[in-house]
Amino acid sequence: MQYLIDVLSQGSLYALCALGIALTFGVMRLINFAHGEFMMVGGYVLVVAGDIPVWAALLSSVIIVGFLAVATERIAFRPVRNADPETMLVTSFAVSFLLQSLAVLLFGSLGRSVRVFPPSITGVMHIGGLNIRWLDIITVAVTVTLLVSLMAFMKTRHGVELRAAAENFTVARLLGVKANQVIGTAFAISGVFAAATSIVLAAQRGLVEPTFGTTTMLFAFIAVIVGGMGSLPGAVLGAYALGLISVTSQALLPLGLRQFRDAFIFLVVVLILLLRPEGILRGHAARVRI
Amino acid sequence: MTAVIKRARPSVAADPAHWSTVPALALLLTLVCGVVTLALPQYAAVTVLALVGVVFVVGMQSFAGNSGIFSFGHVAFMAIGAYTTAITTIPEATKKILFPGMPEIALPAPLALVAGGLLAALVAALVGIPLMRLNGLAASLGTFALLNIVYNLANNLDAITGGSTGVSSVAQGLSLTHALAWSAVALLIVWTYQQSGHGLALRAAREDDVAAQSLGVAIARERHISFVVSAFVCGLSGGMYAQASGSFSPSSFFLVATFGFVTMLVVGGRLSLTGAVLGVLSITLLREGLKVVEQATQYTGAVEIGMSAAMLLTLLLRPLGLMGTAELVFARRGESR
């Protein structure tokens with residue numbers, strides 16, 4: 001049971017992050033390395049917000065990161081939209097380093113401490129021998145809420161357009177979907193997910209630094225690849241699978257090998273890329289057309 | 001019927017095939033070294049490292065430029081070369097005290113470099129078997145996974161690599177002349193590969209994979225060859241780095257280094273050998289200039305911001321980099337190569 005809770009909590013964190021990445025990959029085949037830096041900005045908003053009420057801090061984080069994501073698309077990604085995916089990948093790499101070095105410039109390279117939630121809800125609950133952190137509950141709750149909202153959104157007009165664009169961008173445009181609008185929407189939602197991830201992550205770590213988002217983002221990438229590029233259900237599935245793998249390997253690997261966990265996980269990635277290059281749930285965007 | 005989507009590809013009219021590219025680039029580098037030695041001796045160390053960068057980026061170009069696949073994993077080959085050189089050249093006595101777990105192999109300095117290159121090539125030959133079957137994005141991500149695996153191993157195989165603190169007291173013996181000579185060797189290797197039938201076949205596959213395949217190009221095999229050649233050159237540069245700096249750690253060969261080298265290649269022009277060289281020179285110049293600014297204004301981070309800005313501006317304004325597909329050659333006036 002304890003094990004299951006750890007998997008759920010870890011998987012939910014990856015799922016939040018992976019959904020943000022999968023959304024933008026779906027519509028424009030962009031692997032967004034800068035997503036981790038969106039999360040970092042969200043974390044610093046919480047640091048700067050300091051003593052204002054929790055809801056106001058959370059809201060401003062979501063708004064600012066959402067705005068940042070849309071602005072990044074306008075400035076950096078729109079001009080290279082028609083280039084090959086590798087060029088876009090390199091562009092996002094550059095954006096990522098730019099944001100990171102701006103953070104070093106503004107806040108220094110050392111971490112800043114942050115307290116997202118009041119101490120009363122950071123404790124541990126003991127129910128029948130289980131240790132349930134409030135934070136685990138919040139993580140899972142946030143993920144479920146956002147997932148349900150995303151599913152509801154996908155039923156609306158904008159949501160249908162987004163799905164159509166992820167399916168086949170050219171045909172969607174021919175049918176009257178506005179390219180800029182649909183990509184803007186995808187980035188805005190991706191930003192909201194990044195902000196949500198940063199809130200959970202900041203609460204877990206209590207520290208925000210310029211490389212705040214990097215590790216989580218790398219694992220979320222793996223989740224997206226494993227799950228099926230561009231497929232949203234695949235991203236969620238991949239995230240929980242990864243949560244399972246990382247918690248299990250932490251528990252099962254002998255002590256001497258535990259430090260090589262990351263190497264094992266990346267090895268699994270290579271294997272999956274080989275055996276099923278399109279991921280567990282095949283995303284339509286990943287299909288190569290001639 | 002599915003819709004037909006033509007991927008935007010860099011289109012290249014003619015192939016760079018002039019004999020004088022390597023001599024011209026070697027002359028350019030010699031001139032740079034001459035100017036530094038005579039006028040700016042305080043920058044000698046920086047220039048040696050820049051030449052290490054030239055070897056690396058030229059090596060990376062031979063894969064990325066000919067195959068069209070961005071690699072995020074080549075720094076791993078640099079790490080392999082650096083560790084090989086360190087292990088084979090640290091004096092026996094020092095090794096006993098500092099790194100008792102290291103294998104007891106000793107090689108003279110130039111051979112150690114070649115050994116590093118060969119080991120990197122061997123690793124590339126092995127990991128390339130699965131990786132080079134992947135296409136486009138998946139291949140880029142696969143090389144990224146390779147980078148992470150090598151980083152994780154270097155960090156944790158404490159007995160052989162010295163763990164996360166890294167290796168120190170490697171004999172520092174890479175002079176400016178040595179570095180220059182190795183750069184010329186690297187240029188020659190990569191140019192020879194580029195001119196070979198294998199290089200041509202791979203460039204054909206880069207331009208249009210389906211057409212190339214129908215003409216009998218075994219894409220995975222051609223990519224694999226290019227991967228091994230470039231790994232050898234990058235391994236060489238790793239050994240040079242070890243001999244130039246004397247000490248390094250696993251984090252010397254991770255994301256920051258990868259970003260720096262990718263920036264150089266993108267800014268210079270990833271389809272051109274001259275672009276690779278010019279990218280290293282111009283980014284090094286920019287970096288040193290910004291360091292002066294940073295010291296004067298006390299703003300830490302100016303260097304990184306300047307470099308990412310340079311890369312972004314290049315991608316937005318001149319997607320194929322400074323050189324595009326052009327190469328530096330000796331040509332008589334009026335003779336268009």
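All of these numbers come straight from a predicted model, not from anything done at the bench.

1. So, the interface of chain A and chain B
With 44 residues of chain A at the interface, the matching set in chain B holds 45 residues. Carbon and sulfur atoms make up 79% of the area that chain A and chain B hide from each other, which totals about 4100 Å². Linking chain A with chain B are zero salt bridges. Looking at which element gives the most residues to the side of chain A that touches chain B, the answer is helix H4 (residues 85-107) of chain A, with 15 residues.

2. Describing the side chain of Thr89(B)
All names here are of chain B. By the element assignment, threonine 89 lies in helix H3 (residues 74-89). Within the structure, the side chain of threonine 89 is placed 2.6 Å from the backbone oxygen of threonine 85, a separation counted as a polar contact. Not counting residues up to four positions away in its chain, the partners in contact with threonine 89 are Leu107, Ala109, Ala112, Val170 and Gln243.

3. What about the packing of helix H5 (residues 134-155) of chain A against helix H8 (residues 179-205) of chain A?
Residue and element names in this part refer to chain A. Packing of H5 against H8 brings their axes to within 10 Å, and their N-to-C directions diverge by 170°. It follows that H5 is roughly antiparallel to H8 by the angle criterion. In this structure, H5 uses Leu135, Thr139, Val142, Leu146, Leu150 and Phe153 to contact H8, whose residues at the interface are Thr185, Ile189, Phe193, Ala196, Val200, Ala203 and Gln204. Of the residues contributing to the contact of H5 with H8, the split by class is ten nonpolar, three polar and no charged.

4. What about a nonpolar patch on the surface?
On the surface, Trp19(B), Leu27(B), Leu31(B) and Phe330(B) cluster together to form a nonpolar patch covering roughly 450 Å² of accessible area. For Phe330(B), the location among the structural elements is in the segment after helix H14 (302-317).

5. Overview of the side chain of Ser67(B)
Residue and element names in this part refer to chain B. Relative to the elements of secondary structure, serine 67 occurs in helix H2 (residues 44-67). In terms of polar contacts, serine 67 uses its side chain to reach the backbone carbonyl oxygen of phenylalanine 63, at 2.7 Å. Side-chain polar atoms of serine 67 contact the backbone nitrogen of isoleucine 69, separated by 3.2 Å. Leave out the neighbours within four places in its chain, and serine 67 touches Leu202, Arg206 and Arg223.

6. Focus: unusual backbone geometry
Of note in this structure, Arg29(A) is not a glycine but carries a positive phi near 55°. As for its placement among the helices and strands, Arg29(A) is situated in the loop between helix H1 (2-28) and helix H2 (35-49).

7. Description of the environment of Thr88(B)
Checked against the element boundaries, Thr88(B) lands in helix H3. Taking C-alpha positions, Thr88(B) is 5.3 Å from Ile105(B), a pair spaced 17 residues apart along the chain.

8. Focus on the environment of Gly81(B)
Residue and element names in this part refer to chain B. Tracing the chain through its elements places glycine 81 in helix H3. For glycine 81, a relative accessible area of 0% puts it in the buried group. The sequence separation of glycine 81 and alanine 121 amounts to 40 residues, and the corresponding C-alpha distance is 9.6 Å. Sequence-distant contacts of glycine 81, defined by excluding residues within four places in its chain, comprise Gly116, Gly235, Gly238 and Gly239.

9. Looking at H14(B)
Relative to the 22 Å expected for 16 residues at 1.5 Å per residue, H14(B) spans 22 Å between its end C-alpha atoms, a close match to the ideal helical length. Looking at the packing, one finds that the buried side of H14(B) touches helix H3 (54-77) and H4 of chain A together with helix H12 (255-268) and helix H13 (273-297) of chain B.

10. Focus on the pattern of salt bridges
For side chains of opposite charge, pairing can occur when their charged atoms come near one another. Residue and element names in this part refer to chain A. Across all of its chains, the model carries six salt bridges over all chains by this definition. Where glutamate 73 meets arginine 78, a salt bridge forms, and the shortest distance between an N and an O atom there is 3.3 Å. Classification of glutamate 73 by relative accessible area gives buried; the value is 1%. Using a relative accessible area of 23% as the deciding quantity, one classes arginine 78 as partly exposed. Here arginine 261 ties to aspartate 262 by a salt bridge, and the two come within 3.7 Å at their closest N and O atoms. Assessed through its relative accessible area of 19%, arginine 261 is described here as buried. Shared partners join several salt bridges into a network, and the residues in it are Glu73, Arg78 and Arg81.

11. Structural notes on the packing of aromatic side chains
Tallied over the entire structure, the rule returns 19 aromatic pairs over all chains. Look at Tyr14(A) and Phe219(A): their rings are 5.7 Å apart centre to centre, the planes differ by 15°, and that puts the pair in the stacked class. Placement of Tyr14(A) in helix H1 and of Phe219(A) in helix H9 (residues 214-227) is noted, with a sequence separation of 205 residues between them. Look at Tyr14(A) and you get buried, because its relative accessible area is 5%. Linked through ring pairs, Phe33(A), Phe93(A), Phe97(A), Phe221(A), Phe72(B), Phe144(B) and Phe259(B) together constitute an aromatic cluster.

12. Side note on the nonpolar core
Of all hydrophobic cores here, the largest spans 185 residues; its most connected members are Phe77(B), Val167(B), Phe248(B) and Phe261(B). Ranked by residues supplied to this core, first place goes to H8(A) with 14 residues. The contacts of Phe248(B), once residues within four sequence positions are left out, are Ala82(B), Tyr83(B), Ala86(B), Thr165(B), Gly166(B), Val167(B), Val170(B), Tyr241(B), Ala242(B) and Phe253(B).

13. Observations concerning the confidence of the model for chain B
Averaged over every residue, the pLDDT of chain B is 86; residues scoring 70 or more account for 93%. Note on residues 1-14 of chain B: pLDDT is under 50 here. Beyond four places in sequence and across chains, it has 27 contacts.

Reading the values: rules and limits
Residues numbered from 1 in each chain as written. Chains lettered and ligands numbered in written order. Predicted model: local features only at pLDDT ≥ 70, side-chain atom pairs only at ≥ 80, totals over all residues. Heavy atoms only, no water. Contact = heavy atoms within 4.5 Å. Buried area = accessible area lost by both parts, 1.4 Å probe. Salt bridge = Lys/Arg side-chain N within 4 Å of Asp/Glu carboxyl O. Helix = DSSP H or I, 4+ residues; strand = E, 2+ residues; numbered from the N terminus. Polar contact = N/O pair within 3.5 Å; in protein donor to acceptor, adjacent residues only side chain to side chain. Axes fitted to C-alpha atoms, helices over the stretch in contact; angles between N-to-C directions. Parallel < 35°, antiparallel > 145°, perpendicular 65-115°, else oblique. Nonpolar A, V, L, I, M, F, W, Y, C, P; charged D, E, K, R; others polar. Patch = residues over 30% accessible without salt bridge, like charges linked within 9 Å, V, L, I, M, F, W, Y side chains within 5 Å. Areas by Shrake-Rupley, 256 points an atom, 1.4 Å probe, with all protein chains shown as cover. Buried < 20%, exposed > 50% of the residue type's maximum accessible area, 1.4 Å probe, protein only. Expected span 1.5 Å × (residues − 1). Phe/Tyr/Trp six-rings, centres within 6.5 Å; stacked < 30°, edge-to-face > 60°. Core = buried A, V, L, I, M, F, W, Y, C linked by side-chain atoms within 4.5 Å. pLDDT = per-residue confidence, 0-100.

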